[in-house]
Amino acid sequence: MGLFRDKQNPRLQGEANAFVMVQMEFETVTEKRQQEAERLAMLNSSGILDTGPDPTYDAITRLAAEYFHADVALLGFVDATRIWIKSYWGEVVRELPRAHSIFETILEEDGAVVIPDLAHYARYRSRRPLLRHLDVGFFAGVPVRSGNGSILGVLTIFNRRSRPSLSPDELQMLQNLASMVASQLELQRLRKAFTREDARRTSTTRRTSATHSWPRSADLSRALDHREFELFYQPEVELATRRIVGMEALIRWRHPERGLLSPVDFIPAAEETGLILPIGDWGLAEACRQIQEWNLEDPANQSLRVCVNLSARQFSREGLADHVESLLLQSGTSSRQLGLEMTESSLIPNMNTATQVLDGLRSLGISLLMDDFGTGYSSLNHLHSFPFDVLKMDRSFVARMTDGDQPLQIVRTIVELARVLGMDVVAEGIETVRQYRMLRQLGCRYGQGYLFARPMTAEEVTGLLRLPGRILPEPRELPPELLAYPA
Ligand code: C2E
Ligand code: MG
Ligand code: MG
């Protein structure tokens, strides 16, 4: 200690400084080694190294390449010696050596690296080429980090020619794309957990539905003839103002003996028997009629959008767009006031027809909403390839967002993802004031849930639409017995 304090003796002071520097260097090296060991352990446990390129990420590399007018965009995860390319856009790039790569610099800097003109960086000129076949002039790379901050990989863009450096906004955009990769990884992990849970739940439901083969086709036809189906509506609100901006139409069956039935009790049977087609047609026509009724009641209601759920079977009909167009014309409804919700899984059995149908619907000016986002397959990929306007974040994410930092980060990234893709986000299933507050803070614009309003009859909704400015009162905490996911 005396050594360090002895400011009078310059020789001793010099030795002390040298000693401190050596010690610091030693500590940094040990720390770096430990970080690298943790990083590799994290990568190995994620199972991303022993798999090939993943089309899920093509949406991101494509977005990066297009946004930055880059010649190549690359996403890679990096182990001790190699960069495993998970997705490339612009040029075929497979594995790359880690040594002297941009990744090394990113790891050293512990952050983004942008090099506008490579000619000025001897470090790269004198070593191996950055890409095997591309003569690189400009590059920018940002780290892809795990939930605990370890750098798992890099998202990079390259140009043949040099170009001006990235502006802070541009750099932020590249970082957002990298955090989407991270959240997609996390989504995949969660999805695996959900799938197990779902499989368990479905097998219980299947067992129940196999023993009860009700309703049969004849029951559903009879219900249609006797006008026993009814549309309930759940308001969708702008979170900052609590203004009702739209409604989701949710079908119910008012059965003379069994009472009010939920769609989960009869939509699967309707899909199996094919009766979902006439039931779905009825629902669309009824929603258009109701829109007109609300518009008549108050012209200000013309800014409302009513969203109807569609089943997979409805997409296998090529004429769906024509059918919807004629319904709009007949009822005099503007396409701006209609939205159609569909899940990712409903589009997959018939990808080609679905793309055609969606393009047709979109060109009519109807909004397309991806329902239950995050529970499907490779969500990002489909989000990118189908023309959706709105992403509805599945309520399981909302339910878990108050459980800790990681679930919260996922919600944050879904919101961010939608923003980058130019889509609106609706959070589903908001049940608590805390979820409501957090979603607002995260910049999620819209939401629906029991906290604001349950699905209700058209008449009841009409009452809410009469509120000044269509603004719902400040919500109060629901009693625990009404929560689907009690804390
Ligand atoms: P969905 O489209 O995801 O609809 C949202 C479901 O979440 C609705 O269930 C709604 O009542 C429920 N919900 C809303 N807010 C909350 C909340 O705060 N907490 C909880 N726990 N749940 C909330 P619902 O009405 O039972 O509908 C279930 C599903 O049935 C719908 O899921 C949709 O996929 C399907 N469905 C409903 N109507 C139709 C229809 O007309 N046609 C077709 N094909 N499917 C429909
Ligand atoms: Mg829906
Ligand atoms: Mg939903």
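A. Molecular detail of the overall build of the chain. Helix and strand counts for the chain come out as 18 helices and 15 strands. Pairs at least 24 residues apart make up 67% of the contacts formed inside the chain by residues separated by at least 6 positions. Carbon together with sulfur atoms contributes 51% to the accessible area of the chain, which is approximately 24,500 Å² in total.

B. Geometry of the layout of surface pockets. Estimates place the volume of the second largest pocket at around 950 Å³. Lining the second largest pocket we find 36 residues, and of these Arg145, Ala182, Ser183, Leu185 and Glu186 sit closest to its centre. Put simply, the parts of the chain that give the lining of the second largest pocket at least two residues each are helix H2 (10-46), strand E5 (138-145), helix H6 (168-211) and helix H16 (405-420). Broken down by element, the residue count for the lining of the second largest pocket peaks at 11 residues, all from H6. Class assignment for the residues of the lining of the second largest pocket results in 11 nonpolar, 16 polar and 9 charged.

C. Quick peek at the side chain of lysine 86. You can see lysine 86 is positioned in strand E2 (residues 82-89). Buried and unpaired, lysine 86 has aspartate 54 as its nearest opposite-charge partner, separated by 6.5 Å. Ignoring any residue separated from it by four or fewer positions in sequence, one finds lysine 86 in contact with Ile48, Thr51, Gly52, Pro53, Asp54, Tyr57, Leu75, Gly76 and Phe77.

D. Main features of the coordination of the magnesium ion (ligand 3). Around the magnesium ion (ligand 3), the donor atoms from the protein are Asp371 (OD), Asp372 (OD) and Glu428 (OE), and they sit 2.0 to 2.3 Å away. Here the donor residues of the magnesium ion (ligand 3) are spaced in sequence according to D-D-x55-E. Between the magnesium ion (ligand 3) and the magnesium ion (ligand 2) the interatomic distance amounts to 3.9 Å, and aspartate 371 serves as a bridging ligand to the pair. Here aspartate 371, found in strand E12 (residues 367-373), pairs with glutamate 428, found in the loop between strand E14 (424-427) and helix H17 (433-441); they are 57 residues apart in sequence, far enough to count as distant. By relative accessible area, which is 8% here, aspartate 371 ends up buried.

E. A look at the side chain of glutamine 314. Following the sequence through the fold, glutamine 314 ends up in helix H10 (residues 312-315). Its relative accessible area of 1% is what places glutamine 314 among the buried residues. Engagement of the side chain of glutamine 314 in a polar contact is seen with the backbone nitrogen of serine 311, the distance being 2.8 Å. Excluding its chain neighbours within four sequence positions, the residues that come into contact with glutamine 314 are Ile276, Leu277, Gly280, Asn309 and Leu320.

F. Molecular detail of the pattern of salt bridges. Under the criterion given, the structure shown has 18 salt bridges. With a shortest N-O distance of 2.9 Å, glutamate 66 and arginine 62 are connected by a salt bridge. Taken as a pair, glutamate 66 and arginine 62 lie in helix H3 (residues 58-68) at a separation of 4 residues, close to a single helical turn. Relative accessible area serves as the criterion here: at 31%, arginine 62 is assigned to the partly exposed category.

G. Broad picture of the packing of helix H9 (residues 276-297) against helix H18 (residues 458-465). Close contact between H9 and H18 brings their axes to 12 Å; oriented N to C, the two are set at 35°. Once H9 is placed against H18, the crossing between them reads as right-handed. Between H9 and H18, the contacting residues are Gln290, Trp294 and Glu297 on the first element and Ala458, Val461, Thr462 and Leu465 on the second. Split into classes, the residues belonging to the contact of H9 with H18 amount to 4 nonpolar, 2 polar and 1 charged.

H. Layout of the packing of aromatic side chains. Tallied over the full model, the rule gives 10 aromatic pairs. Each ring, one from tyrosine 233 and one from tryptophan 294, has its centre 5.0 Å from the other, and the planes form 75°; the classification is edge-to-face. With tyrosine 233 in strand E7 (residues 229-238) and tryptophan 294 in helix H9, this pair connects stretches of sequence that are 61 residues apart. On the numbers, 5.6 Å between centres and 85° between planes, the contact of tryptophan 253 with phenylalanine 266 is edge-to-face. Pair noted here: tryptophan 253 is in strand E8 (residues 243-255) and phenylalanine 266 is in helix H8 (residues 263-273), with a separation of 13 residues, a long-range link. The pair tryptophan 253 / phenylalanine 266 is uniform in exposure class, with both members buried. Ring pairing ties together the aromatic residues Trp214, Phe229, Trp253, Phe266 and Trp282, which thus form one cluster. The ring of tryptophan 214 has arginine 258 lying over it, and the distance from NZ or CZ to the ring centre is 3.6 Å. The side chain of arginine 454 reaches across the aromatic face of tyrosine 450, ending 3.7 Å from its centre.

I. Inspection of the sheet that holds strand E1 (residues 72-78) at higher detail. Spatial strand order, E3-E2-E1-E6-E5-E4: 6 strands in an open sheet with antiparallel pairing. Each edge of the open sheet is held by one strand with a lone partner, namely strand E3 (96-97) and strand E4 (113-115). Direction of pairing for E5 relative to strand E6 (residues 151-159): antiparallel, over a ladder of 8 bridges. Bridge pairing in E6 links valine 144 to glycine 153. Strands E1, E2 and E6 of the sheet are contacted by H3, whose axis makes an angle of about 70° with E2. On top of the sheet, helix H4 (residues 102-109) reaches E1, E2, E4, E5 and E6; it is set at about 125° to E6, its chief contact.

J. Broad picture of the site of ligand 1. Among the 24 residues in the neighbourhood of ligand 1, the closest are listed as Arg252, Ser311, Asp371, Glu431 and Tyr450. At 2.9 Å from an oxygen atom of ligand 1 is found a side-chain nitrogen or oxygen belonging to glutamate 248. The contact in question runs from an oxygen atom of ligand 1 to an N or O atom on the backbone of tyrosine 450, over 2.7 Å. Out of a free accessible area of 800 Å², ligand 1 has 85% covered by protein chains.

Rules of the game
Residues numbered from 1 in each chain as written. Chains lettered and ligands numbered in written order. Predicted model: local features only at pLDDT ≥ 70, side-chain atom pairs only at ≥ 80, totals over all residues. Heavy atoms only, no water. Helix = DSSP H or I, 4+ residues; strand = E, 2+ residues; numbered from the N terminus. Contact = heavy atoms within 4.5 Å. Areas by Shrake-Rupley, 256 points an atom, 1.4 Å probe, with all protein chains shown as cover. 1 Å grid on protein atoms, 1.4 Å probe; cavity = no way out; pocket = protein on both sides within 12 Å on 5 of 7 lines; lining within 4 Å. Points joined across faces, edges and corners; volume = space filled by probe spheres on them. Nonpolar A, V, L, I, M, F, W, Y, C, P; charged D, E, K, R; others polar. Buried < 20%, exposed > 50% of the residue type's maximum accessible area, 1.4 Å probe, protein only. Lys, Arg positive; Asp, Glu negative; His and termini not counted. Salt bridge = Lys/Arg side-chain N within 4 Å of Asp/Glu carboxyl O. Donors = N, O, S within 2.8 Å, 3.2 Å for Na, K, Ca; no water. Polar contact = N/O pair within 3.5 Å; in protein donor to acceptor, adjacent residues only side chain to side chain. Axes fitted to C-alpha atoms, helices over the stretch in contact; angles between N-to-C directions. Left-handed = near helix turned anticlockwise from the far one by under 90°. Phe/Tyr/Trp six-rings, centres within 6.5 Å; stacked < 30°, edge-to-face > 60°. Lys NZ or Arg CZ within 6 Å of the ring centre and 35° of its normal. Pairing = 2+ DSSP bridges. Near = heavy atom within 4 Å.

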